[in-house]
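Structural features, examined
Okay, here's what each chain looks like letter by letter:
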Amino acid sequence: MNFLEERILQDGIIKQGNILKIDSFLNHQIDIDIMRQIAYELKRRFKGVEVNKVLTVEASGIAIATMLANLYDVPVVFAKKNETANSTDDKYVSQAFSFTNKKQNNFFISRPYLQATDKVLIVDDFLADGQAVHALIDLVNQAEAKVAGIGIAVEKGFQQGGRMLREEGYNLESIAIVESMDWETQTIRFLEQPITIQDDGNLKLSLVW
Ligand code: 5GP
């Protein structure tokens, strides 16, 4: 079991409607040590992949994206969901249905922050049906930039997003993949991720799909 799976078992709360609540370390209070470990693990999994921008969507993706972008020393761009008085008209727009809020959200990014030369690593806290990630991919495509990879903290493997993205050929890495969870018994099972030995002799986890 990896560090994130252990932390989910320790602190996660399963809510009715297939929602995993991890507010104590990711979605409300942010545990910097776990964020740091997520960032290092994603960087390791995307070893050799060229990245010059990390892209996420507000709000919870920003913490992970920032820690990861710090390791690459590249900018973070986050798609905004809400129009504000200083929103520009010069923007890319896409839509995603929110799994948690059950409403359609507009995602938008001001055009100057995504360029055709960008190699974008998309990051988010959760992957469920893949709506949020598909909207981010759409924004990257509108800018004629390239999706370098998709890094997720928690994938709910019993929902369709991960399967769809892998079938579409994206380089998707999820640190914890929930195979099943049950709110009545508060039990959760993770997809086992094979352990392989790294060159330096340290144990590493890598996903073979
Ligand atoms: P998707 O767009 O893949 O259906 O859902 C992913 C988005 O919905 C994530 O950005 C995340 O904010 C939210 N989400 C989906 N499932 C869960 C969940 O079980 N727990 C939490 N905290 N957020 C979730």
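Everything below is about the structure shown above.
Predicted, not measured: the structure shown is a model, and the values here were computed from it. In this convention, every chain numbers its residues from 1, walking through the sequence in written order. Reporting of local features is limited, given that this is a predicted model, to residues whose pLDDT is at least 70; pairs of side-chain atoms are given and counted only at 80 or more, and all residues count toward the totals for whole chains, interfaces and linings. Heavy atoms throughout the structure, all of them, feed into the side-chain values; hydrogens and water do not.

Considering the overall build of the chain
Only DSSP runs of H or I covering at least 4 residues are called helices, and only runs of E covering at least 2 are called strands; the numbering of each starts at the N terminus. If you tally the helices and strands in the chain, you get six helices and 12 strands. Partly exposed residues are those whose accessible area sits between 20% and 50% of the maximum for their type, while under 20% is buried and over 50% is exposed, using a 1.4 Å probe and protein chains only. Residue burial in the chain is summarised as follows: out of 209 residues, 44% are buried. Residue contacts are defined here by distance: any two heavy atoms, one from each residue, within 4.5 Å place the two residues in contact. Residue pairs at least 24 apart in sequence account for 59% of intrachain contacts in the chain once pairs closer than 6 positions are excluded. Surface accessibility follows the Shrake-Rupley procedure with a 1.4 Å probe radius. Residue values consider only the protein chains on display as shielding. Working note: accessible area of the chain is about 10,700 Å², and carbon and sulfur atoms make up 47% of it.

Focus on the side chain of lysine 53
Mapped onto the elements, lysine 53 comes out in strand 3 (residues 53-57). Residue class for lysine 53 comes out buried when judged on its relative accessible area of 9%. For the purposes of these results, a polar contact is taken to be a pair of N or O atoms within 3.5 Å, where, inside protein, one atom must be able to donate a hydrogen and its partner to accept one; residues adjacent in sequence count only when each atom of the pair is a side-chain atom. A polar side-chain atom of lysine 53 sits 2.8 Å from a polar atom in the side chain of aspartate 118. Beyond its immediate stretch of four places on either side in the chain, lysine 53 contacts Val74, Pro75, Val77, Tyr113, Leu114, Asp118, Lys119, Val120 and Leu121.

With respect to the packing of aromatic side chains
Centres within 6.5 Å are what make two rings of Phe, Tyr or Trp a pair, Trp counting through its six-membered ring; a difference in plane orientation under 30 degrees is then read as stacked, over 60 as edge-to-face, and the rest as tilted. For the coordinates displayed, the defined rule picks out zero aromatic pairs. Lysine 91 extends its terminal NZ or CZ atom over the ring of phenylalanine 108, reaching a point 5.0 Å from the ring centre. The side chain of lysine 102 reaches across the aromatic face of phenylalanine 99, ending 4.2 Å from its centre. Only Lys NZ and Arg CZ are tested; either one counts as a charge over a ring when it is within 6 Å of the ring centre and within 35 degrees of the ring normal.

Remarks on the packing of helix 1 (residues 3-11) against helix 3 (residues 32-45)
Between N-to-C directions, angles cover 0 to 180 degrees, with each direction set by a line fitted to C-alpha atoms, over the stretch in contact for helices. In contact at an axis separation of 10 Å, helix 1 and helix 3 are set at 145° when each is read in the N-to-C sense. Residues Phe3, Leu4 and Arg7 of helix 1 pack against Ile34, Gln37, Ile38 and Glu41 of helix 3. Throughout, the ten residues Ala, Val, Leu, Ile, Met, Phe, Trp, Tyr, Cys and Pro are labelled nonpolar, Asp, Glu, Lys and Arg are labelled charged, and all others, Gly among them, are labelled polar. In the contact of helix 1 with helix 3, the residues fall into four nonpolar, one polar and two charged.

Side note on the sheet that holds strand 9 (residues 172-182)
Spatially, six strands are ordered 4-3-7-8-9-10 in an open sheet, and the strand pairing comes out mixed. Strand pairing shows two members of the sheet lacking a second neighbour, strand 4 (76-79) and strand 10 (187-190), which therefore form its edges. Within this sheet the neighbouring strands show an average axis-to-axis angle of 25°, counted without direction. Of the pairings in the sheet, the one linking strand 3 to strand 7 (residues 119-127) comprises three bridges and is parallel in character. Along strand 7, the bridge assignment pairs lysine 53 with valine 120. For two strands to be treated as a pair, DSSP must find at least two bridges joining them.

Considering the site of the ligand
For each residue, the test is whether any non-hydrogen atom lies within 4 Å of the molecule or strand; if one does, the residue is near. Around the ligand, a shell composed of 16 residues is seen, among which Leu20, Ala128, Asp129, Gly130 and Ala132 lie nearest. Here an oxygen atom of the ligand and a side-chain polar atom of aspartate 124 are 2.8 Å apart. Between an oxygen atom of the ligand and a main-chain N or O atom of alanine 132, the distance comes to 2.8 Å. Notes on the ligand: free accessible area 500 Å², of which the protein chains cover 88%. For the shell around the ligand, a count of residues per class yields seven nonpolar, five polar and four charged.

Notes on the environment of arginine 45
Within the element layout of this structure, arginine 45 appears in helix 3. Owing to a relative accessible area of 12%, arginine 45 belongs among the buried residues under this scheme. Here the alpha-carbon distance between arginine 45 and isoleucine 175, two residues 130 residues apart in the chain, equals 9.3 Å. At a separation of 2.9 Å, a polar atom in the side chain of arginine 45 contacts the side chain of glutamate 173.

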